[in-house]
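A closer look at the structure
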Amino acid sequence: MSETIRVSAKERKQAIRSAILHSFGAGFEAEQKNPYIAIRLAGTDKNVAAIFGSRKGGLSLWVKQAVQIPEGITIRDVSSTARGWQQAIDILNEEDENIPLLVQAVKDSLVG
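The text that follows walks through the structure, step by step, so that each part is easy to find.

The next subject is the pattern of salt bridges. Evaluation of the coordinates by the stated rule reveals three salt bridges. With a shortest N-O distance of 2.3 Å, R40 and E31 are connected by a salt bridge. The buried category is assigned to R40, whose relative accessible area is 9%. Relative accessible area serves as the criterion here: at 33%, E31 is assigned to the partly exposed category. For D90, the salt bridge is made with R76, and the minimal N-O distance between the two is 3.2 Å. Of the two residues, D90 is situated in strand β6 (residues 87-91) and R76 in strand β5 (residues 76-77); the sequence distance between them amounts to 14 residues. Each member of the salt-bridge network shares a partner with another, and the members are E31, K33 and R40.

What follows is the structure in structure tokens.
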């Protein structure tokens, strides 16, 4: 009989946050703001994404309209929030296969 390991919501969110930040890697830095974490190009004040809490229990990655989200990923319109972000994608666990796809989309938007 396998044992089920329960993870608290706080631990799950920390694991998701770590997975997202790890995916961005070198050349990016994170700064804790309230109520979000800003992700920016290292050494600049140019925010390229933000991590917010999600009503669905995980976290959400908020990005600018210029980021071309891969097909098949559900996007929420957050443009009415006046936070400077237009698109939000919910991430429910740290193993979400969309994390590297989303991070790559953000990086690609910086090139063009």
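And the narrative resumes.
Okay, the packing of aromatic side chains next. Going through the model one piece at a time under the given rule, you end up with three aromatic pairs. Connected via pairs of aromatic rings, a cluster forms that spans Y36, F52 and W62. One residue, K64, lies across the ring of W85, its end atom 4.5 Å from the ring centre.

Definitions and limits used
Residues numbered from 1 in each chain as written. Predicted model: local features only at pLDDT ≥ 70, side-chain atom pairs only at ≥ 80, totals over all residues. Heavy atoms only, no water. Salt bridge = Lys/Arg side-chain N within 4 Å of Asp/Glu carboxyl O. Buried < 20%, exposed > 50% of the residue type's maximum accessible area, 1.4 Å probe, protein only. Helix = DSSP H or I, 4+ residues; strand = E, 2+ residues; numbered from the N terminus. Phe/Tyr/Trp six-rings, centres within 6.5 Å; stacked < 30°, edge-to-face > 60°. Lys NZ or Arg CZ within 6 Å of the ring centre and 35° of its normal.

In short, geometric facts, not functional conclusions.
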